[in-house]
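Structural features, examined
Residue strings, one per chain:
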Amino acid sequence: MMTLQTTPDRPRIDAREKVLGRALYAADIALDRLLHAITVPATIAKGRVTAIDTALAIAEPGVVRVYTHEDFADDIAVTPATLGGNQPGLQPMTDTMIRFRGQPVALVVAETLEAACEAARLVRVSYRVEPFTATMDELGSEAEPYEITAEVGDAHAALQAAEVTVDVVYAQAQNHHNPIELISTTAYWRAGKLTILEGTQNTSAIKFGTAGALGFDPSTVDAISPYVGGAFGQKTVLQLQSALVSRAAVLLGRPVKLVMPRAQLFHTAAYRPRSNHRIQLGASRDGRLVATIYESDQQNARYDHFYGTSHNEMVSHLYGIANWLGRERLIRVDTSPPGYMRAPHEHPASFAIESAIDELAYSLEMDPIALRLVNDTDQDPITGKPFSSRTLARCLERGAELFGWDRRSSAPRAMTTEDGTLIGWGVAAGAYKGSMCPAIARLRIQANGVTRLFITGHEMGQGIRSAIAAELMEVLTINPDKLDIQLGDTTVAAQHLTAGSWGTGSAVPATRAVAEKMKVALTNLVGELREDDDVHRKLMAAKRPMLEVEVEQLGLDQTPAALDRMSQGAPATAGPIYDELVAFSWIAHFVEVHVDPTTMRVRVPRVVSVADCGRVMNRRTATSQVQGGVVWGIGAALQETAEIDPRYGFIQNNDLADYVVPVNADIGDITVELLDIPDAQLNASGVKGVGEVAMVGASAAVANAVFHATGKRIRHLPIRIEDLLQET
């Protein structure tokens, strides 16, 4: 295996296209005779539709058709199997039942968007209302039995024998994504083929899920996702409007486009659910953790199942704790199903664990970094296997150096500015699984200077094209100005869900494999290649217009069965636990907060984050990912929450005016350092993910800093001014 070098710093390959507005997103693509659609949302939280009057809507000029459950009742309710295990399984407008507020009950299709919106307002729906439960705290919520998700040793006995214990409960609010690019679907039927254009992380779910819903053969359906303007887990599944728009396009014989309004997305798209976390820690007087019992409750819909992974998956591997018991359960209520949102379980779990670690440090009168370093380990405590790389201590030590941690006064409220502003410094650590999926890559080199790569993966704004290009140019000297990378398209290669930070870790090794295969093919054709040989000129000299090769790449320890699963639209991931090792990306966050002593308003003037994501393929995009994750962590810690009216099951702050997210004025300096250490045990490219790990621990670091500044331990997110104004 060749020695992996530091990748040269290059601009993002699609940056110019985006800045100039040339990068086309799914809803931007113009089609002849395009119709516009809009859904009519249910205005009750639970019950049944008793009547729908569409007369006024149909009479509106420009309206082509108004569809209801009477038109789509023969659609198939998509099961987890047809989506490869991805939720949700519900398809709306297949019956009269209303399961949550905002569920689509009608679809208006018109010549213009304005006509569609006006007609949707004119649809009259009558309901039979049934009692409902809007949140997990209300009477009527149903708690499922606990499920053990992590267990090693005897946590109860070790906790009982521990010299020092912590027993606390933390709460995570319901959060919503709010990507700038709204969820949309454009579909058209041509020559017996249904094509769906949708910004998604999972064109396979769109292809196979829509085929299943409509009763089509999957070979007659294609899905294409060009660019995605923010996904972060929300766009991993078949959306509620996808099959509706596709069915309308088939029936009408014209392209149909629907862009879901933001207010509706709060009720119809995936979100981070509310959750509660009880943490029991046991330690010796010298700070060595001997036991953890972690129990979590997570809000969920009545009819769907969202564990995905578990709250224990990351935190049980974070420190060398020999006795661990993790139990989790779902709390059923009448709401739309939650789903994945950046670091879906790792973010709330890290807030709970890393806050509890901070509380333990104060109980022991021990520095929070020293406590974490005492509990570092090279061996995974759950499996006993070695880590593919373990750099958490290095992240903590380097971050402390950059932040100036040695200047910290340990006592709460001990640090202030000249005007009396309270200063708090907090730290938290995090990790995220090192996973991979199968990938198919087909590389075509042309004598005219053009290079085309068709590959498994989705460009969600994270810069995967730039990472792929960097690896390709590491192996072959090609013309970067004529490089065309096509992904997220079921017509060019089988697609796998891109999520869980496995996109780069899967596509980049596949790119290296196909580039190496091309290098061998070129060598056989034109002779030995020197390092700087222009492959296009070599082909021209050999009088060959083009050369093409293809590879099927598997993740570590995977068998061809994983490729078979992918070809059927099912997820086929490996990791973080492999046959011989356990793999994670690592991070440490250091946060400074300033708290006004009168108003208790919290500001975050600076953050230092040090991350290990293996070999860094593009420093600019990787740094941007960490900065974005930190911003999201600050928002989750101090601002973001869904305000639900329990009387109506309605999210009241369902827009960007009232759902508060961080803006430029809320964010200070964010210093990011990437260790850039190839993890060659995990894959040939030495890469791991950085997008998800970026957020893990960030909110905990903010919360710990708030405690250091104020002496008040707030155990729920977000931390609000009124929490700090209350007497301790």
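Quick notes on the rules
- Residues numbered from 1 in each chain as written.
- Predicted model: local features only at pLDDT ≥ 70, side-chain atom pairs only at ≥ 80, totals over all residues.
- Heavy atoms only, no water.
- Phe/Tyr/Trp six-rings, centres within 6.5 Å; stacked < 30°, edge-to-face > 60°.
- Helix = DSSP H or I, 4+ residues; strand = E, 2+ residues; numbered from the N terminus.
- Buried < 20%, exposed > 50% of the residue type's maximum accessible area, 1.4 Å probe, protein only.
- Axes fitted to C-alpha atoms, helices over the stretch in contact; angles between N-to-C directions.
- Left-handed = near helix turned anticlockwise from the far one by under 90°.
- Contact = heavy atoms within 4.5 Å.
- Nonpolar A, V, L, I, M, F, W, Y, C, P; charged D, E, K, R; others polar.
- Pairing = 2+ DSSP bridges.

Quick word on the packing of aromatic side chains
- All told, the structure shown has 13 aromatic pairs when counted by the stated rule.
- Ring centres 5.0 Å apart and planes at 90 degrees place the aromatic pair Phe-232 and Trp-632 in the edge-to-face group. Of this pair, Phe-232 sits in the loop between β12 (221-224) and α7 (242-252) while Trp-632 sits in helix α17 (residues 619-638); the two residues are 400 residues apart in sequence, bridging distant segments of the chain.
- Relative accessible area serves as the criterion here: at 30%, Phe-232 is assigned to the partly exposed category.
- Judged by relative accessible area, Trp-632 falls into the buried class, the value being 11%.
- Consider the rings of Phe-387 and Trp-586, whose centres lie 5.4 Å apart with planes at 80 degrees: the pair is edge-to-face.

A word on the packing of helix α10 (residues 346-364) against helix α18 (residues 698-710)
- Look at α10 against α18: their axes get within 8 Å of each other, and the N-to-C directions meet at 35 degrees. As α10 runs across α18, the sense of the crossing is right-handed. Together, His-347, Ser-350, Phe-351, Glu-354, Ser-355, Asp-358 and Tyr-362 of α10 and Ser-699, Ala-700, Ala-703, Asn-704, Phe-707 and His-708 of α18 make up the contact between the two elements.
- Of the residues in the contact of α10 with α18, the class split is five nonpolar, six polar and two charged.

Re the sheet that holds strand β4 (residues 97-98)
- Read across the sheet, three strands follow the order β4-β2-β6 without closing on themselves; strand pairing throughout is antiparallel. Of all strands in the sheet, those bounded by a partner on one side alone are β4 and β6 (124-129).
- By the bridge criterion, six bridges tie strand β2 (residues 47-53) to β6 in an arrangement that is antiparallel. Paired with Ala-51 across the two strands is Ser-126, which belongs to β6.

A word on the sheet that holds strand β19 (residues 451-455)
- A sheet is described by the order of its strands in space; here four strands give the open sequence β20-β19-β18-β21, paired in mixed fashion. Lying at the two open borders of the sheet, with one neighbouring strand each, are β20 (483-486) and β21 (546-553). Averaged over all pairs of adjacent strands, the angle between their axes in this sheet comes to 10 degrees, without regard to strand direction.
- Sheet analysis places strand β18 (residues 439-446) next to β21, joined by eight bridges and oriented antiparallel. Bridge pairing in β21 links Gln-446 to Met-546.
- Helix α14 (residues 503-526) contacts β18, β19 and β21 of the sheet and is inclined by roughly 140 degrees relative to β21.

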